[in-house]
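Listed here are the chains, written in short residue letters.
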Amino acid sequence: MLTRRTFLKYTGATTLTLFATTAAGQRIAVASIPGGSLDPASVEKFASPLLIPPAMPRAGTIPWRGARSVDYYEIAMRQFEQQALPPPLPPTTVWGYGPAGSGTALHHAPSLTIEATAGVPVRVRWINDLVDADGRALPHLLPVDPTLHWANPQRLPDRHGHRSTDQKPDFTGRVFVPSDQYHDPTTQYTTYQGPVPIVTHLHGADGVGQESDGYTEAWYLPAATDLDPDLATGGRWYAYLAGLVHQRFGVAPEPGTQTSQYPNDNRPSTLWFHDHALGMTRLNVYAGPAGFFLLRDGSGGDGPIRDARTGGRGTLPGPAPRRTDPPQGRPYYEIPIAIQDRSFNSDGSLFYPDSRTFFDGVTGPWLPESDLSPVWNPEFFGNTLIVNGRVWPHLAVEQRRYRFRVLNGCQSRVLLLDFGSIPDVDVWQIGNEGGLLPEAVHVTGDLSDRVLLGPAERADLVVDFTDVPPGAWVLHNVGPDEPFGGGEFEPADPQTTGQVLQFRVGRARTPDRSTPPQHLVLPEIPALPAEERVRRVALIEAMSMAAEEAPARALLGVVVGDPARPAGGKVFVKEWHDEVTEDPDRGATELWEIYNTTGDAHPIHVHEVAFEVVSRQPILLGEPGEDHGGAEEHELEHIGTVTIPPDSSPRGPEPGEAGRKDTVIAYPEEVTRIRMQFDTAGRYVWHCHILEHEDHEMMRPIQVGQPDPDQPS
Ligand SMILES: [Cu+2]
């Protein structure tokens, strides 16, 4: 038997308030998902039109060696109000990205789309403009738990008395209280109320330099007028990476900003950008900042696509919004669709839990009296779905083909999109995170009308409404309102999170010249070189020693020894601050075996690469044996073993996982194998994209090539 300390099994603790158990032991939904004071059932559905984000205006172009020029953007993150809920419900205060020169007129959450061209680098000056009208720093919209390994701009000391950013503060001798009860810093501590650390990562940027990747410890505060001089204005890696930007691109460091240059060397694909600050990504992203970054080839397309009927050029549905479009826009047949989950209060404000009690009813004691953080929740499921920033919108479509680039931008939620209630719709998946698939996958023919998307995954879909009768039809979500494990589960509440978007189908107004997806011949994708080494890593969930069935942290680790041998491989926990263990040589191709020892599926994302999904295989989990050999080199516990049963065999990737990906679902009690080539030297990360997990601390550094002697230790 496994002890709770070693391998976690979710037992439904997250859903005690939601489900009752029948006599036969089956769970049945009894209530909607808890959330803010706004009852999601009271929100009128499909009242607002879907916002199709226009293209982000450039600040200019810059001559650049080798390339024709660089597309240059200045993008500020600001706080503003947005009508996320349908009127007359009140607007919501959110954060979002927008052009720095336009106030907040062009700000939105998610933001306007960056349109990029392969081979033409994009340079962005990202500005932390979370300040009020007088330039004073704004506090976070949401409760920041100060007990995680997080940005920590106050440099609160750790348990060794060491004062630094990017560490886990020690609150010995103090007790957690909500901010409105906080009055005595010698005996109490509370949520962080100071200026907000941010750093932007372009998710899916392959071959990006470390100086531009948005390293999680390279956050920065706004250049506010009232900054406390005791605060660090940037994270541990901020100055070093800003120095590299200066060297490589000639852009001098400037407080409150981050300059990134994306080479756009990867295949045409659907990328997105979002915040990545250490230990607070879940909160920063929930507040709104995210946007699409669409990379196209030099002709505005996706590489050489042919029509099998003629052998000539094939065409995908379009156009998408362009920078040159008139302000009122045009008819668009290529539309990005970001699906996110949020809960609201009746005043329109975003709801996010301000206490761990919300998650599983545990009432403490909290750190430092136990191992439980007072505010962090192990997962979060919003009780509404927003699409491109609006709750349950509608989209008027014609009886023709559309291209939808769908992003799961949720916190913890795995989506299982279901087209099954749209009569005679024909759906094909043509791409994923890494660009077009080698061949189109027939979703309505071969995949039971369903598309599975873990957090941060993308699906490029051609949806053909040609034969759909005029009328209003709903795209459903039948994924779970709780952690996804890949097996049987209760689908999302059909009244709320079970609905995504309504299509209002009308007659075609223009001829459809796009190639029917069954006739598409998509570009070949060269296979990666054979791997030079196999690296074994682990996904781990640590349970609290203080409370029953209460997850305390999500973690990564390493596996030592070959799990295919009878003795199995030993699993060791690695925390964020532990020495780097994932250290590929520059240019090396590696096969990573990701051993999931937890009870849930985790969407695993690796920065800087586009990988191949190779296979998955069941594993057996075991308790640590008597032999602790090998433990000396790993400071933390040997928490268990993983073994590949001799009678099991690997299975290949799912149809939508062909080609290249940057995020992959690792199922419980399985090893997931991915192959990737690390082309660019520097410091990056790999992590779970369940944002609550990533923050505490299911994330580890990657060091590609030799570390620079000048880089932070
Ligand atoms: Cu996870």
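Residues numbered from 1 in each chain as written. Predicted model: local features only at pLDDT ≥ 70, side-chain atom pairs only at ≥ 80, totals over all residues. Heavy atoms only, no water.

1. Here we look at the domain arrangement of the protein
By convention, interface size is frequently given as the accessible area that disappears when the constituent parts associate. Along its sequence, the protein is organised into domain 1 (5–19 + 526–704), domain 2 (36–43 + 342–521) and domain 3 (60–134 + 195–300). Each of domain 1 and domain 2 has a C-alpha centre, and these two points are 26 Å apart. With 38 residues of domain 1 in contact, the opposing surface of domain 2 contributes 36 residues. Carbon and sulfur atoms supply 58% of the area that domain 1 and domain 2 bury against each other, a total of about 2,900 Å² over both sides. In this assembly, domain 1 and domain 2 are joined by 3 salt bridges. The partner of Lys-661 in a salt bridge is Glu-433, and the shortest N-O contact between them spans 2.9 Å. Joining domain 1 to domain 2, the criterion identifies 19 residue pairs in polar contact (both at pLDDT 80 or more). The residue makeup of the side of domain 1 that touches domain 2, split by class, is 20 nonpolar, 10 polar and 8 charged. (Domains from an automatic or database assignment. Contact = heavy atoms within 4.5 Å. Buried area = accessible area lost by both parts, 1.4 Å probe. Salt bridge = Lys/Arg side-chain N within 4 Å of Asp/Glu carboxyl O. Polar contact = N/O pair within 3.5 Å; in protein donor to acceptor, adjacent residues only side chain to side chain. Nonpolar A, V, L, I, M, F, W, Y, C, P; charged D, E, K, R; others polar.)

2. Describing the coordination of the copper ion
Within the first shell, the copper ion binds the protein through His-602 (ND1), Cys-688 (SG) and His-693 (ND1), at distances of 2.0 to 2.1 Å. For the copper ion, the single-chain donor residues occur in sequence as H-x85-C-x4-H. Of the two residues, His-602 sits in strand β33 (residues 602–606) while Cys-688 sits in strand β39 (residues 682–688), which places them 86 residues apart along the sequence. (Donors = N, O, S within 2.8 Å, 3.2 Å for Na, K, Ca; no water. Helix = DSSP H or I, 4+ residues; strand = E, 2+ residues; numbered from the N terminus.)

3. Here's the deal with the packing of aromatic side chains
The geometry of an aromatic ring pair is captured by the separation of the ring centres together with the interplanar angle, meaning the angle of the planes. Overall, the coordinates contain 28 aromatic pairs when judged by the stated rule. On the basis of an interplanar angle of 50° and a centroid distance of 5.2 Å, the ring pair of Trp-126 and Phe-273 is categorised as tilted. One end of the pair, Trp-126, is in strand β7 (residues 122–128); the other, Phe-273, is in strand β12 (residues 269–275), with 147 residues separating them in the sequence. By relative accessible area, Trp-126 is classed as buried at 1%. Exposure remark for Phe-273: the relative accessible area of 0% places this residue in the buried category. Linked through ring pairs, Tyr-286, Phe-351, Tyr-352, Phe-358 and Phe-380 together constitute an aromatic cluster. Stacked on the ring of Tyr-333, the Lys or Arg Arg-400 has its end atom at 3.6 Å from the ring centre. (Phe/Tyr/Trp six-rings, centres within 6.5 Å; stacked < 30°, edge-to-face > 60°. Buried < 20%, exposed > 50% of the residue type's maximum accessible area, 1.4 Å probe, protein only. Lys NZ or Arg CZ within 6 Å of the ring centre and 35° of its normal.)

4. A few points about the pairing of strand β29 (residues 533–543)
Buried residues dominate β29, accounting for 8 of its 11 residues. The sheet contact formed by β29 and strand β32 (residues 589–596) spans 7 bridges and is parallel. From the neighbouring strand, Val-534 faces β32, where its bridge partner is Leu-591. (Pairing = 2+ DSSP bridges.)

5. Description of the sheet that holds strand β10 (residues 200–203)
Sheet strands associate in pairs through backbone hydrogen bonding, adopting either a parallel or an antiparallel arrangement. Taking strand neighbours across the sheet as the criterion, the 4 strands line up as β6-β13-β12-β10 in an open arrangement whose pairing is mixed. Of all the strands in the sheet, just β6 (114–117) and β10 have a single pairing partner and so form its edges. Neighbouring strand axes in the sheet, compared pairwise and without regard to direction, differ in orientation by 25° on average. Pairing of β10 with β12, which is carried by 4 bridges, proceeds in the antiparallel orientation. (Axes fitted to C-alpha atoms, helices over the stretch in contact; angles between N-to-C directions.)

6. Things to note about the sheet that holds β33
Read from one edge of the open sheet, 4 strands run β37-β33-β39-β40, paired in antiparallel fashion. What marks the edges here is a single partner per strand, and that holds for β37 (663–666) and β40 (699–704). Neighbour-to-neighbour, the strand axes of the sheet open up by a mean angle of 25°, direction not taken into account. Bridge count for β39 against β40 is 6 bridges, and the pairing is antiparallel. From the neighbouring strand, Val-685 faces β40, where its bridge partner is Pro-701.

7. Quick notes on helix α1 (residues 238–249)
The terminal C-alpha atoms of α1, which comprises 12 residues, lie 16 Å apart, in line with the 16 Å expected from a rise of 1.5 Å per residue. Listed in full, the buried residues belonging to α1 are Tyr-238, Tyr-240, Leu-241, Ala-242, Leu-244, Val-245 and Phe-249. If you follow the buried residues of α1, they end up packed against β7 and β11 (257–262). Just downstream of α1, Gly-250 is the residue with a positive phi angle, here 70°. (Expected span 1.5 Å × (residues − 1).)

8. With respect to the pairing of strand β30 (residues 551–560)
Extensive coverage of β30 is indicated by the burial of 9 of its 10 residues. With 7 bridges connecting them, β29 and β30 associate as antiparallel partners. Directly across from Ile-540, in β30, lies its bridge partner Leu-555. Where β30 lies against strand β31 (residues 569–574), 5 bridges are found, and the strand directions are antiparallel. Counterpart to Leu-556 in the pairing with β31 is Lys-574.

9. Notes on unusual backbone geometry
The linkage connecting Ala-109 with the following residue, Pro-110, adopts the cis geometry, with an omega of -5°. Its identity is not glycine, yet Arg-155 carries a phi of approximately 55°, on the positive side. Relative to the assigned elements, Arg-155 resides in the loop between β7 and β8 (175–176). Judged by relative accessible area, which is 30%, Arg-155 ranks as partly exposed. Phi at Trp-392 takes a positive value of approximately 40°, unusual for a residue other than glycine. The topology assignment puts Trp-392 in the loop between β18 (390–391) and β19 (394–398). Take Trp-392: its relative accessible area is 0%, and that puts it in the buried class.

10. Observations regarding the side chain of Thr-216
One can find Thr-216 in the loop between β10 and α1. Polar contacts involving the side chain of Thr-216 include one to the main-chain amide nitrogen of Leu-278, which spans 3.1 Å. Excluding its chain neighbours within four sequence positions, the residues that come into contact with Thr-216 are Val-199, His-276, Ala-277, Leu-278, Trp-576, Val-685 and Met-699.

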